[in-house]
Amino acid sequence: STEVQPADTAVDETDSRVSALYSSIEIGKLTDTSVLFGRGEINLNGEKRCIERDKRKHIYHISSHSHNKSLEDKSVSIDKPSGSVGSFLDEDLPVRYLVRYLTSSFLLSGHAGLLVPDRAVRVSVKVLALNCVGLAVMVMPSLMAEPLYTDAIGELELQQHIDDVLRFHSHSDPQLGASVGTVIGQFIRASLVHGCGQYNDFGRPGLPLSSLLEVLCKLLVHESSVTARGALGGLGLCLGELLHSLHAAVILSVLPHLVNTASNLYWLVKVELCDLLSGLPLSYTDHVESSSSYSTTGSSIPLRPADRFSHRVLTAVLIPLLADQDPRV
């Protein structure tokens, strides 16, 4: 007969084998005066020491499949220019370093007009990074116009700037388009608030108010409901400030697109459109339309009631949506 070992003896033998397996692994320790940050080790005195490349290579070669990487996997690495994004220990505001670090790590390639490809950074990570950049821009809108690297050499026009993140509006993934719509709305709102009603494009060719609103209108009619909702969210952030600013007339190019959005097939887009329209002061839109009509024609003849945006919202959006098949609408 086979002798059965007690359970306690089997457990002890298993523990012994595990201990022998890991006894030769060198764990190392973290010094009391330093913190591990990203890929480098930074002590509290501000001195930075990069981790030895040999140790990193050793870690990579632990797994057996690391020796059989395909050429496609090797092409993930991006030829980024050597530049500094600064440090959170700099005398400058830490939010500047935060935005540069996020964009250089996950969004921008370092070359003007070129973005980080999807094979190098997941789309979901890019979406999260864009959302963080948008929140930082609401605190300091001038960040959008700053160069990516603090020590870039050469002509300023050839350097990559933070506003290149808005190029993701043409990305095939709808989540990125929605995030760009939100970032644009946050930037316009922050610029108007900081400028007390005066918009500032900070001298960047990609940041004129009309160009940003044109991008939002393009996203509004996107085939994806996710992108359309992001554009609605961006417009909801900035339209109120625009109506109370010195640039109120620019919204006249946006209002027809809002009316056309009522034909979107997705119920949640219709609901969010109604929420956006309910927050617009229609008396302000009527005043802007009347002022724009007078400055164009030079006559004091008021617009017909049927031509006013407030009337079109009622007859072309709200009343038709009352007959929508979805009760939530």
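Shown above is the structure to which this text applies.
Bear in mind that the values here come from a model prediction, so they are computed numbers and not experimental data.

Kindly report on helix 7 (residues 209-220), identifying the contributing residues and their values.
Given a rise of 1.5 Å per residue, 12 residues ought to cover 16 Å, and the 17 Å separating the end C-alpha atoms of helix 7 matches this to within 8%. Residues of helix 7 that are buried: Leu209, Leu212, Leu213, Val215, Leu216, Cys217, Leu219 and Leu220. Tucked into the core, helix 7 has its buried residues touching helix 6 (174-194), helix 8 (225-243) and helix 9 (255-260).

Residues and numbers for the pattern of salt bridges, please.
Counting across every chain of the model gives 11 salt bridges. With its nearest N and O atoms 3.0 Å apart, the salt bridge here joins aspartate 163 to arginine 204. Of the two residues, aspartate 163 sits in the loop between helix 5 (123-139) and helix 6 while arginine 204 sits in the loop between helix 6 and helix 7, which places them 41 residues apart along the sequence. Residue aspartate 163 is classed as buried on the basis of its relative accessible area of 7%. Across the pair lysine 270 and aspartate 324 runs a salt bridge whose closest N-O atoms are separated by 2.6 Å. With a gap of 54 residues between them, lysine 270 in helix 10 (residues 267-278) and aspartate 324 in the segment after helix 12 (309-322) connect regions that are remote in the sequence. Overlapping salt bridges, with partners in common, bring together Asp92, Arg96, Arg100 and Glu146 in one network.

Got a sec to walk through the packing of helix 6 against helix 7? Specific residues and values, please.
It is the contact of helix 6 with helix 7, at a shortest axis distance of 10 Å, that shows an interaxial angle of 145°. The handedness of the crossing between helix 6 and helix 7 comes out as left-handed. The segment helix 6 lies against helix 7, with Gly177, Gly181, Ile184, Phe187 and Ile188 engaging Leu209, Leu212, Leu213, Val215, Leu216 and Leu219.

Break down the packing of helix 6 against helix 8 for me, citing the residues and quoting the values.
Orientation of helix 6 relative to helix 8, taken along the N-to-C sense of each, is 5°, at an axis distance of 7 Å. In this view, helix 6 runs roughly parallel relative to helix 8, as classed from their interaxial angle. Facing Pro174, Gln175, Gly177, Ala178, Gly181, Thr182, Gly185, Gln186, Ile188, Arg189, Leu192 and Val193 of helix 6, the residues of helix 8 in contact are Val226, Thr227, Gly230, Gly234, Leu237, Cys238, Glu241 and Leu242. Partitioning the contact of helix 6 with helix 8 into residue classes produces nine nonpolar, nine polar and two charged.

Run through the state of the cysteines, naming residues and quoting values.
For the coordinates displayed, the defined rule picks out zero disulfides. Looking at the unpaired cysteine 217, the closest cysteine sulfur is the one in cysteine 238, lying at 9.8 Å. On the accessibility criterion, cysteine 217 (9% relative accessible area) is buried.

So, the environment of histidine 244: which residues are in play, and what are the values?
Within the secondary structure layout, histidine 244 lies in the loop between helix 8 and helix 9. For the pair formed by histidine 244 and cysteine 196, sequence separation is 48 residues and the distance between their alpha carbons is 9.8 Å.

I'd like to hear about the environment of glutamate 146, residue by residue, with values.
Along the chain, glutamate 146 turns up in the loop between helix 5 and helix 6. For the pair glutamate 146 and phenylalanine 202, spaced 56 residues apart in sequence, the C-alpha to C-alpha distance is 9.1 Å. Not counting residues up to four positions away in its chain, the partners in contact with glutamate 146 are Arg96, Arg100, His161 and Ile162.

So what's going on with unusual backbone geometry? Residues and values would help.
In most cases, non-glycine residues show a negative phi, while peptide bonds are predominantly trans. For cysteine 196, which is not glycine, the phi torsion reads 55° and is therefore positive. Take cysteine 196: it is sitting in the loop between helix 6 and helix 7. Residue class for cysteine 196 comes out exposed when judged on its relative accessible area of 73%. A positive phi angle, near 55°, is found at phenylalanine 202, a position not held by glycine.

Describe helix 12, listing the residues and the values that go with them.
In a regular helix each residue adds 1.5 Å, so 14 residues correspond to 20 Å; helix 12 covers 19 Å between its end C-alpha atoms and thus fits that length. Along its length, helix 12 reaches its greatest deviation from straightness, about 25°, at threonine 315.

Explain the packing of aromatic side chains to me, using residue names and the numbers behind them.
Summed over the entire model, instances satisfying the criterion amount to four aromatic pairs. Here the aromatic rings of tyrosine 97 and tyrosine 101 are separated by 5.7 Å at their centres, their planes lie at 35°, and the arrangement is tilted. Of the two residues, tyrosine 97 and tyrosine 101 are both situated in helix 4 (residues 94-107); the distance of four residues between them amounts to about one turn of the helix. Residue class for tyrosine 97 comes out buried when judged on its relative accessible area of 12%. Looking at tyrosine 101, the relative accessible area reads 30%, which means it is partly exposed. Ring geometry for tyrosine 266 versus tryptophan 267: centroids 6.2 Å apart, planes at 55°, classification tilted.

Tell me about the side chain of threonine 103, and please be specific about residues and values.
Considering the arrangement of structural elements, one finds threonine 103 in helix 4. A distance of 2.7 Å separates a polar side-chain atom of threonine 103 from the backbone oxygen of valine 99.

Help me get a handle on a nonpolar patch on the surface, residues and values and all.
On the surface, a cluster of nonpolar side chains totalling about 390 Å² of accessible area is made up of Leu314, Leu318, Ile319 and Leu322. Mapped onto the elements, leucine 318 comes out in helix 12. Relative accessible area serves as the criterion here: at 33%, leucine 318 is assigned to the partly exposed category.

An account of the nonpolar core is needed here, citing residue identities and associated values.
With 66 residues, the main nonpolar core has Ile188, Leu242 and Leu258 as its most contacted residues. Put simply, the parts of the chain that give this core at least two residues each are helix 4, helix 5, helix 6, helix 7, helix 8, helix 9, helix 10 and helix 12. Excluding its chain neighbours within four sequence positions, the residues that come into contact with leucine 242 are Ile188, Leu192, Leu209, Leu213, His247, Ala248, Val250 and Ile251.

Cut-offs used in this document
- Residues numbered from 1 in each chain as written.
- Predicted model: local features only at pLDDT ≥ 70, side-chain atom pairs only at ≥ 80, totals over all residues.
- Heavy atoms only, no water.
- Helix = DSSP H or I, 4+ residues; strand = E, 2+ residues; numbered from the N terminus.
- Expected span 1.5 Å × (residues − 1).
- Buried < 20%, exposed > 50% of the residue type's maximum accessible area, 1.4 Å probe, protein only.
- Contact = heavy atoms within 4.5 Å.
- Salt bridge = Lys/Arg side-chain N within 4 Å of Asp/Glu carboxyl O.
- Axes fitted to C-alpha atoms, helices over the stretch in contact; angles between N-to-C directions.
- Left-handed = near helix turned anticlockwise from the far one by under 90°.
- Parallel < 35°, antiparallel > 145°, perpendicular 65-115°, else oblique.
- Nonpolar A, V, L, I, M, F, W, Y, C, P; charged D, E, K, R; others polar.
- Disulfide = S-S within 2.5 Å.
- Bend = angle between axes of the 7 residues up to and from the residue.
- Phe/Tyr/Trp six-rings, centres within 6.5 Å; stacked < 30°, edge-to-face > 60°.
- Polar contact = N/O pair within 3.5 Å; in protein donor to acceptor, adjacent residues only side chain to side chain.
- Patch = residues over 30% accessible without salt bridge, like charges linked within 9 Å, V, L, I, M, F, W, Y side chains within 5 Å.
- Areas by Shrake-Rupley, 256 points an atom, 1.4 Å probe, with all protein chains shown as cover.
- Core = buried A, V, L, I, M, F, W, Y, C linked by side-chain atoms within 4.5 Å.

Function-wise, these values are silent; they only describe arrangement.
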